[in-house]
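Architecture and fold: a report
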Amino acid sequence: MSLAFSGVVQAAGDAEAAKAKISMCIGCHGIEGYRTSYPVVYHVPKLGGQHEAYLAKVLRDYKSGERKHPQMSGIAATLSDQDIEDLAAYYASK
């Protein structure tokens, strides 16, 4: 209840709306056991079932440059705050 009066407003993610936005994610994150080779070979993390707040934070960190990865930074730069919330809600629900 204290959050309701704190002046902090957080957009609610719409998992259904994210279905129109996931095409940019599934090329890497939708392939079981996928590894990428740029900039180094690493296992691409599974998104489904992660915590919504964590997913949103990671996307914001890529967008701001606080977290770095060439492809993820480029994709995150194109996302609105609502896109981030929607994608986080979608993958958290999987």
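An account of the accompanying structure is given in this report. (Residues numbered from 1 in each chain as written. Predicted model: local features only at pLDDT ≥ 70, side-chain atom pairs only at ≥ 80, totals over all residues. Heavy atoms only, no water.)

1. Focus: the overall build of the chain
- Tallying secondary structure elements over the chain gives five helices and two strands in all.
- Seen in sequence order, the chain has helices and strands lined up from the N terminus as α-α-β-β-α-α-α.
- Evaluated residue by residue, the chain yields a buried proportion of 29% over its 94 residues.
- Taking as baseline every contact in the chain between residues at least 6 positions apart, the subset at least 24 positions apart corresponds to 66%.
- Put simply, the chain shows about 6,300 Å² of open surface, and 59% of that area lies on carbon and sulfur atoms. (Helix = DSSP H or I, 4+ residues; strand = E, 2+ residues; numbered from the N terminus. Buried < 20%, exposed > 50% of the residue type's maximum accessible area, 1.4 Å probe, protein only. Contact = heavy atoms within 4.5 Å. Areas by Shrake-Rupley, 256 points an atom, 1.4 Å probe, with all protein chains shown as cover.)

2. Points about the layout of surface pockets
- Looking at the largest pocket, its volume works out to about 540 Å³.
- Residue lining of the largest pocket: 25 residues in total, with His29, Pro45, Leu47, Tyr62 and Met72 positioned closest to the centre.
- Approximately 200 Å³ is the volume attributed to the second largest pocket.
- Along the walls of the second largest pocket sit 14 residues, with His29, Ile31, Glu32, Gly33 and Lys46 positioned nearest its centre.
- Among the residues forming the lining of the second largest pocket, the class breakdown is seven nonpolar, five polar and two charged. (1 Å grid on protein atoms, 1.4 Å probe; cavity = no way out; pocket = protein on both sides within 12 Å on 5 of 7 lines; lining within 4 Å. Points joined across faces, edges and corners; volume = space filled by probe spheres on them. Nonpolar A, V, L, I, M, F, W, Y, C, P; charged D, E, K, R; others polar.)

3. Re the pattern of salt bridges
- Scanning the model with the defined rule gives five salt bridges in all.
- Across the pair Glu16 and Lys19 runs a salt bridge whose closest N-O atoms are separated by 3.3 Å.
- Residue Asp61 is joined to Lys57 by a salt bridge in which the shortest nitrogen-to-oxygen separation is 2.6 Å. Remark: Lys57 and Asp61 occur in helix α3 (residues 52-64); sequence separation between them is four residues, near one turn of the helix.
- Each of Lys21, Asp83 and Asp86 takes part in one network of salt bridges that share partners. (Salt bridge = Lys/Arg side-chain N within 4 Å of Asp/Glu carboxyl O.)

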